[in-house]
Amino acid sequence: MFLAARAALPGSTVVAVGSIGEATAEVDRRPSCSMILLDFHLPDARGYSGLLHLQHRVGDVPIVMVTAREELSLVEAARALGAAGFIVKSTPLDDITRILRRILAGETHFPDAAPASPVIAAAKAKIADLSPAQHDVLMALADGHSNKQIAHDLNVTEATIKAHLTAIFRKLGVTSRTQALLAVQPLLGAGGTDVSV
């Protein structure tokens, strides 16, 4: 994938990282990022939580999901969540380079047999109005973190986390942590997320 990115973006700097946290730091350091290649398996991501987190950070920068798994449900989810493309790692290098060039030109790429999932699209619509801070709290909640741990990780008080949770519950139309997690479960799926910026 690294070689394909170099070929698709001649003269660009290609940076590889091993976690969503590292990807976030790179994106903050390099605001002119052209594309993100996001592997589905990283230690600090669950399902598509890495994609959702980075989308809040990078706005219109295309994010391409990369995985060894050729599952239709993963492709459907990536499309519904607004990824710019989905590439299976076994794709020949020349094809990957062509796909990345097309995505940089504003196109999308998904395997042909992958329709958009209305269930995932509906779940994404539920979180569309969350602020970046609320989104971070929800993703930490999905990872099973306590209010105290989330507050520590985000460098805020527990009272701030409680206020965010109240706003999240209101926006999702739920009244508890469990209901909030059920509302976003289609977005999380299984697995984790590798990033090249």
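Residues numbered from 1 in each chain as written. Predicted model: local features only at pLDDT ≥ 70, side-chain atom pairs only at ≥ 80, totals over all residues. Heavy atoms only, no water.

**Q** Could you clarify how one ought to interpret the overall build of the protein chain in this entry?
**A** Of the regular secondary structure elements, the protein chain holds 10 helices and 5 strands. Here the protein chain has a C-alpha radius of gyration of 17 Å; the compact-globule value for 197 residues is 16 Å, and the two agree. Overall, the C-alpha framework of the protein chain stretches about 50 × 35 × 25 Å when taken along its three principal axes. Counting all 197 residues of the protein chain, 47% fall into the buried class. As displayed, the protein chain has an accessible area near 9,400 Å², and 54% of this comes from carbon and sulfur atoms. The averaged location of the 19 negative side-chain charges in the protein chain is 5 Å from the averaged location of its 18 positive side-chain charges. (Helix = DSSP H or I, 4+ residues; strand = E, 2+ residues; numbered from the N terminus. Rg over C-alpha atoms; globule rule 2.2 N^0.38 Å. Buried < 20%, exposed > 50% of the residue type's maximum accessible area, 1.4 Å probe, protein only. Areas by Shrake-Rupley, 256 points an atom, 1.4 Å probe, with all protein chains shown as cover. Lys, Arg positive; Asp, Glu negative; His and termini not counted. Charge placed at Lys NZ, Arg CZ, Asp CG, Glu CD.)

**Q** So what exactly am I meant to see when it comes to the pairing of strand β3 (residues 63–67) here?
**A** A regular strand carries its side chains on alternate faces of the sheet. Taken across its 5 residues, β3 has 5 buried, putting it largely inside the fold. Taking every second residue as pointing to the same face, both faces of β3 are buried, with I63, M65 and T67 on one and V64 and V66 on the other. Where strand β2 (residues 36–39) lies against β3, 4 bridges are found, and the strand directions are parallel. Paired with D39 across the two strands is V66, which belongs to β3. At this point the chain moves from β2, through helix α3 (residues 49–58), to the parallel β3, and the crossover so formed is right-handed. As defined by bridge partners, β3 adjoins strand β4 (residues 85–88) across 4 bridges and the pair is classed as parallel. Each bridged residue has a counterpart across the sheet, and for M65 the counterpart in β4 is F86. As for the winding sense of the linkage, the β-α-β connection from β3 through helix α4 (residues 72–80) to β4 is right-handed. (Pairing = 2+ DSSP bridges. Right-handed = clockwise from strand over helix to strand, strands pointing away.)

**Q** Looking at this structure, I do not really get unusual backbone geometry. What am I missing?
**A** Trans is the prevailing form of peptide bonds, just as negative phi is the prevailing case for residues other than glycine. At N155, a position not held by glycine, the phi torsion is positive, near 60 degrees. For N155, the position within the fold is in the loop between α8 (147–154) and α9 (158–172). On the basis of relative accessibility, which here comes to 71%, the residue N155 falls in the exposed class.

**Q** Would you mind going over the layout of surface pockets with me for this structure?
**A** In this approach the atoms are scanned with a rolling probe the size of a water molecule, which exposes any empty space left behind. Taken as a whole, the largest pocket spans an internal volume of roughly 380 Å³. Along its surface, the largest pocket is lined by 18 residues, and D44, H53, D136, M139 and D143 are the ones closest to its centre. Broken down by secondary-structure element, the contributors of at least two residues to the lining of the largest pocket are α2 (20–29), α3, α7 (132–142) and α8. Here the lining of the largest pocket is built from residues that sort into 7 nonpolar, 6 polar and 5 charged. (1 Å grid on protein atoms, 1.4 Å probe; cavity = no way out; pocket = protein on both sides within 12 Å on 5 of 7 lines; lining within 4 Å. Points joined across faces, edges and corners; volume = space filled by probe spheres on them. Nonpolar A, V, L, I, M, F, W, Y, C, P; charged D, E, K, R; others polar.)

**Q** Help me understand the confidence of the model for the protein chain in this model?
**A** As a note on interpretation, predicted positions should not be read in detail where pLDDT is low. With 92% of its residues at a pLDDT of 70 or more, the protein chain shows a mean pLDDT of 84. Mean pLDDT across the elements of the protein chain bottoms out in strand β5 (residues 195–196) (36) and peaks in α9 (95). Here residues 190–197 scores under 50 on pLDDT; set against residues more than four positions off or in separate chains, the count is 55 contacts. (pLDDT = per-residue confidence, 0-100. Contact = heavy atoms within 4.5 Å.)

**Q** Hey, could you run me through the pattern of salt bridges in this one?
**A** Between side chains of opposite charge, pairing is possible as soon as their charged atoms come close. Tallying each qualifying case throughout the model produces 6 salt bridges. Between E26 and R30 there is a salt bridge, with the nearest N and O atoms lying 2.7 Å from each other. Of the charged contacts in the structure, one is a salt bridge between E107 and R102, with a shortest N-O distance of 3.6 Å. On the accessibility criterion, R102 (33% relative accessible area) is partly exposed. Taken together, the salt bridges that share partners define one network made up of E26, R29 and R30. (Salt bridge = Lys/Arg side-chain N within 4 Å of Asp/Glu carboxyl O.)

**Q** In this structure, what is going on with the packing of aromatic side chains? I would like to understand it.
**A** Each pair of aromatic rings is reported with the distance of its centres and the angle of its planes. Summed over the entire model, instances satisfying the criterion amount to 1 aromatic pair. Between F40 and Y48, the aromatic rings sit 5.0 Å apart at their centres with planes inclined by 65 degrees, giving edge-to-face as the arrangement. Accessibility assignment for this pair places F40 and Y48 in one class, buried. (Phe/Tyr/Trp six-rings, centres within 6.5 Å; stacked < 30°, edge-to-face > 60°.)

**Q** Any chance you could explain the side chain of N147 here in plain terms?
**A** Of note, N147 is situated in helix α8. Here the side chain of N147 touches R177 through a polar contact of 2.5 Å, side chain to side chain. (Polar contact = N/O pair within 3.5 Å; in protein donor to acceptor, adjacent residues only side chain to side chain.)

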